[in-house]
Amino acid sequence: METAMNEIVLAGCAPTPLANYLKALGVFRLVAEQKDGETKARWQGEQFVLHTRLSHEELVRFFLEEYRPTPILSPWNGRAGYLEGEDADDSSRHGAVLLRLFRESKAARLSQYRDLIRVLDSLAPLREMNEVRAKKKVLVNEKRANPRAWNEKKQSELATATKREAFLKEQLLKLIRNALPDDQLAWLDASVALGTDRAFAPLLGGSGGVEGSMDLGVNFMHNLVLLFSTDNEAGHATGDSGYWLEHALDEKNVRLTAKNSAGSLSPGRVGGHNATTGFTQDLNINPWDFVLMIEGAVTFKPSLTRKLESSTQARLSYPFTVEPSAIGAGAVSSSDGNKTRAGSSEIWMPLWPQPASYYEVIALLREGSARLGAKPPRDGFDMARCIAKLGTDRGIQGFQRYLFLKRSGDNDLAVPLARFDVSRNGTPSADLIADLDHGQFLDRLRREARDKDSPASLKRAVSQLENALFALTRPGVGQAGIQRAIIHLGEVMQVLGVSRKGQEAVPVPPQLSTAWVLQAADDSAEFRVALALAGLVNLRPYIAPVERDDKGRWQWAPDSRRHIWGKGDLVRNLVRLIERRMIEARRDAEPEPFQSHASLGAGLSDIEGFLRGRTDDGMIAGLLLGLTWAVLPDALPPAREEVASAAIPIAYAVCKPFFTAPALLKAIDRLPADARFNLPGELPRLLAANQTQRALTLAWRRAHIAGLGWPRGDPPQCPSFDGARLLAALVVPLRPDALRKLLPRAEDLQSEPV
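Residues numbered from 1 in each chain as written. Predicted model: local features only at pLDDT ≥ 70, side-chain atom pairs only at ≥ 80, totals over all residues. Heavy atoms only, no water.

**Points about the overall build of the protein chain**
Then step 1. Per the secondary structure count, the protein chain includes 28 helices and 16 strands.
Then step 2. Counting across all 754 residues of the protein chain, residues that qualify as buried make up 53%.
Then step 3. For the protein chain, contacts bridging at least 24 residues in sequence account for 72% of all contacts bridging at least 6. (Helix = DSSP H or I, 4+ residues; strand = E, 2+ residues; numbered from the N terminus. Buried < 20%, exposed > 50% of the residue type's maximum accessible area, 1.4 Å probe, protein only. Contact = heavy atoms within 4.5 Å.)

**Digging into helix H21 (residues 604-611)**
Then step 1. With eight of its eight residues buried, H21 lies for the most part within the structure.
Then step 2. Of the residues making up H21, those classed as buried are Leu604, Ser605, Asp606, Ile607, Glu608, Gly609, Phe610 and Leu611.
Then step 3. Where H21 is buried, its residues meet helix H18 (525-534), helix H20 (570-586), helix H22 (617-627), helix H23 (650-655), helix H27 (723-730) and helix H28 (736-742).
Then step 4. Phi for glycine 613, located one or two positions after H21, is positive at around 75°.

**Considering the pattern of salt bridges**
Then step 1. In this structure the tally under the stated criterion is 36 salt bridges.
Then step 2. The partner of aspartate 289 in a salt bridge is lysine 23, with the nearest N and O atoms 2.8 Å apart. With a gap of 266 residues between them, aspartate 289 in helix H10 (residues 287-297) and lysine 23 in helix H1 (residues 18-34) connect regions that are remote in the sequence.
Then step 3. Aspartate 289 gets classed as buried once you look at its relative accessible area, which sits at 11%.
Then step 4. Between glutamate 66 and lysine 35 there is a salt bridge, with the nearest N and O atoms lying 3.1 Å from each other. Placement of the pair is glutamate 66 in helix H2 (residues 56-66) and lysine 35 in the loop between H1 and strand E2 (40-44), with a sequence separation of 31 residues.
Then step 5. The network of salt bridges with shared partners includes Asp379, Asp382, Arg446, Arg450 and Glu466. (Salt bridge = Lys/Arg side-chain N within 4 Å of Asp/Glu carboxyl O.)

**Some details on the sheet that holds E2**
Then step 1. The sheet built from four strands is open, its strands ordered E1-E3-E2-E12 with antiparallel pairing. Two strands lie at the open edges of the sheet, namely strand E1 (6-10) and strand E12 (356-357), each paired on one side alone.
Then step 2. Examined bridge by bridge, E2 and E12 share two bridges and lie antiparallel to one another. Each bridged residue has a counterpart across the sheet, and for alanine 41 the counterpart in E12 is alanine 356.
Then step 3. Contacts from H1 reach E1, E2, strand E3 (47-52) and E12 within the one sheet, and its direction differs from that of E3 by about 5°. (Pairing = 2+ DSSP bridges. Axes fitted to C-alpha atoms, helices over the stretch in contact; angles between N-to-C directions.)

**Considerations on the confidence of the model for the protein chain**
Then step 1. For the protein chain, per-residue confidence averages 84 on the pLDDT scale, and 84% of positions sit at 70 or higher.
Then step 2. Of all secondary-structure elements in the protein chain, the lowest mean pLDDT belongs to strand E5 (residues 198-200), at 65, while H22 reaches the highest, 97.
Then step 3. Within the model, the stretch residues 277-281 combines pLDDT values under 50 with three contacts to residues more than four positions away or in other chains.
Then step 4. In the predicted structure, residues 749-754 sits below a pLDDT of 50 and forms 11 contacts with residues beyond four places in sequence or in another chain. (pLDDT = per-residue confidence, 0-100.)

**Notes on the packing of aromatic side chains**
Then step 1. Inspection of every chain in the model, using the stated rule, returns 19 aromatic pairs.
Then step 2. Relative to tyrosine 358, the ring of phenylalanine 28 has its centre 5.6 Å away and its plane inclined at 80°; by these criteria the two rings are edge-to-face. Highlighted residues: phenylalanine 28 in helix H1 and tyrosine 358 in helix H11 (residues 358-367), separated in sequence by 330 residues.
Then step 3. Judged by centre distance (6.5 Å) and plane angle (65°), the rings of tryptophan 348 and phenylalanine 399 are edge-to-face. Of the two residues, tryptophan 348 is situated in strand E11 (residues 346-351) and phenylalanine 399 in strand E13 (residues 398-407); the sequence distance between them amounts to 51 residues.
Then step 4. For phenylalanine 399, a relative accessible area of 2% gives the class buried.
Then step 5. Three or more aromatic residues link up through ring pairs in this structure, and these residues are Tyr21, Phe28, Trp43, Phe48, Trp352, Tyr358 and Tyr359.
Then step 6. If you follow arginine 109 out to its NZ or CZ, it ends over the ring of phenylalanine 228, 3.9 Å from the centre. (Phe/Tyr/Trp six-rings, centres within 6.5 Å; stacked < 30°, edge-to-face > 60°. Lys NZ or Arg CZ within 6 Å of the ring centre and 35° of its normal.)

**As for the nonpolar core**
Then step 1. One finds Trp348, Leu469, Tyr652 and Leu683 to be the most contacted residues of the largest nonpolar core, which totals 126 residues.
Then step 2. With nine residues, helix H15 (residues 478-496) is the largest single contributor of residues to this core.
Then step 3. Core analysis: the next-biggest nonpolar cluster, separate from the first, contains 92 residues, Tyr113, Leu126, Leu204 and Leu245 among them. (Core = buried A, V, L, I, M, F, W, Y, C linked by side-chain atoms within 4.5 Å.)

**A closer look at the packing of H1 against H11**
Then step 1. At their nearest, the axes of H1 and H11 sit 10 Å apart, and the two run at 130° to each other. One element, H1, and the other, H11, form an angle in the oblique class. Along this stretch, H1 crosses H11, giving a crossing that reads as left-handed. Contact residues: Leu25, Phe28, Arg29, Ala32 and Glu33 in H1; Tyr358, Tyr359, Val361 and Leu365 in H11.
Then step 2. Each residue belonging to the contact of H1 with H11 can be placed in one class, and the counts come to seven nonpolar, no polar and two charged. (Parallel < 35°, antiparallel > 145°, perpendicular 65-115°, else oblique. Left-handed = near helix turned anticlockwise from the far one by under 90°. Nonpolar A, V, L, I, M, F, W, Y, C, P; charged D, E, K, R; others polar.)

**Some points on the side chain of threonine 660**
Then step 1. Of note, threonine 660 is situated in the loop between H23 and helix H24 (662-667).
Then step 2. Residue classification places threonine 660 among the buried positions, given a relative accessible area of 8%.
Then step 3. At 3.0 Å, the side chain of threonine 660 forms a polar contact with the backbone oxygen of lysine 656.
Then step 4. Contact partners of threonine 660, with chain neighbours within four places excluded, come to Phe594, Leu665 and Leu739. (Polar contact = N/O pair within 3.5 Å; in protein donor to acceptor, adjacent residues only side chain to side chain.)

**Quick notes on unusual backbone geometry**
Then step 1. Here the residue pair threonine 16 and proline 17 is connected by a cis peptide bond, since its omega of -5° sits within 30 degrees of zero.
Then step 2. Residue placement: proline 17 occurs in the loop between E1 and H1.
Then step 3. Even without being glycine, glutamate 251 reaches a positive phi, approximately 60°.
Then step 4. Note on glutamate 251: relative accessible area 52%, which makes it exposed.

**Brief notes about the packing of helix H9 (residues 241-250) against H10**
Then step 1. H10 packs onto H9 with a crossing angle of 60° between their chain directions and a minimal axis gap of 8 Å. Relative to H10, the element H9 is oriented oblique. Within the contact between the two elements, H9 uses Ser241, Trp244, Leu245, His247 and Ala248 and H10 uses Pro287, Trp288 and Asp289.
Then step 2. Its residues assigned to classes, the contact of H9 with H10 shows five nonpolar, two polar and one charged.

**Looking at the environment of tyrosine 652**
Then step 1. Tracing the chain through its elements places tyrosine 652 in helix H23.
Then step 2. A C-alpha to C-alpha distance of 8.1 Å links tyrosine 652 and alanine 729, two positions 77 residues apart in sequence.
Then step 3. Among all residues touching tyrosine 652, those that are not within four sequence positions of it are Ile607, Leu611, Leu726, Ala729, Leu730, Val732, Leu734 and Leu742.

**Here's the deal with H10**
Then step 1. Of all 11 residues in H10, 11 are buried; the element is thus mostly enclosed.
Then step 2. All of the buried residues in H10 are Pro287, Trp288, Asp289, Phe290, Val291, Leu292, Met293, Ile294, Glu295, Gly296 and Ala297.
Then step 3. For H10, the elements touching its buried residues are H1, H2, helix H7 (186-191), helix H8 (216-227) and H9.

Written out as structure tokens, the structure reads:
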């Protein structure tokens, strides 16, 4: 009869800090490998859940009575007890003392340790390395003590010893790996990837099992001594071991009296001045937490990869690990990008909600691959894009993101960043980002922003764009998030527009697909006004210094005369736009200066809000600068019903036809088919000078002559109005239905003001 599976909730094993995540994997690995091969596990919120035949009591008894530690030794490091020079047998350094203690231990649970130590003791390269280091130390001390007696012979001996030490140090890892049996390779293979090159695992210090001056193997043995006796065959648990285990597994309150160090994977336990409450700078860690954390880290294996037929140095490949980036990291600032550990030091730990066997999890972690198109992800932004496209195909519910940052002085600490949830069907908004990959625009832009000589304005603008694009990879980003990305793209282009260096390094952006516009469209007047302005034909050269080449492709044109958009407010820039397009019209460069995508025009309620100052000019300007780079749709979904046209000032209604393409006025039956109709050059100047009544009189008479339908005589008196803002409103295209409501037909004349 099969034993029923028990569900054991481990409250002490959470996704954060990283030490606790690894502790969960350590528990899972040890139970599956040493006790119950049928064990499965899953994440449930902030807790790790085991599905095993063991009861909770049997689980505790297994660790206290049967657990056999993985032998963790780093003989290639100077503090591990092997490279002590001439003092090897009598060294009082902690690593050497622990090594002798484990070599002479009697506990059955430490038999694998003793086997490994015997193999390492017999390795000739280690002995020679020790002898060479001892000789070098003697020569160096002799040179310092009596420099006058130093001669060429001794200098040659020192040079020979130094050269031999360097050779042995370079080859030591390979020599050790070749000598060890397969069942003793777990720690070495978890610490370093060996090939023609070598690379160290970022989880384990990034230097082959060393964090600063702390050897992880030595610290592991130190914590084992706190948990178990070594001088008897049973290897009994110490008096506090059981209490500490309950705290590690179930987060039960217990007093931690152990004297040890936590390391970078548990940043809250690192200590230091002002690091915690109380009057001491020292903090410790539950010995079980440290031991199980290292046992979990052994689950990961680094490897080396190189592009096919490439002669470049191989690079580290580590499960779900990328180059560090502060993008999307919330409280982590962009300046922290300079405080990351060199190499791959950002890691994304998967969270799976359904029970999975240890070997299924191992397969996931050992593969740990994600692809962004044909290339692997480079940093956290790329990783987020990959995950957003995956959906839940791999059974992963989310990822906990960690970044190794320098904190507490020069310590590299695994700082937990935001949790990244995976959408069931992927994240459609993430697909928008692919438009910016064309022509390597996004890669080249980000590379230029990280150049030490790039201006701070570009660094800041690109950082904001990166964070906005990162947000698009999250489920439920909404229209506001897409608009934010559009705005920041426009800001980046404004910075590049005044930077010759930036224009040389970064191409003109590719056109954004129509999906950007459709997914960003909301019911705001700001978006509709910005989209209407973006619909003006051939607007792009006025927004940025660009022009089309002979093949119709957009290129930078730093000396363009059309580029007029500057840092001023929206109204000022729109007035300058009208002035410049009028000049271009007189030169026949813009035969129809106000031709637009009519179906994308604004409504009367939008214009009324703009004229009354109820819209956000900054939002309109920001959206316009970004929407300029998009392929606009033929139309948007139906808008809300318009307000009555009586809310529109008479000056706007009379002047608007002069800022509308004549063909459109004729198409909606507001201008006779044979009428000749042009914008008087004086009209924009009068409005810009705030002479609104004179402008109204001029427009009234010209419109009546053209047959637009206004009554004979003088126009009504115009209330005091900001002429420049009225002029800016006039350049915003209107939808045909709004124009019909705004303008009278000759046969429908009314004496009341519009």
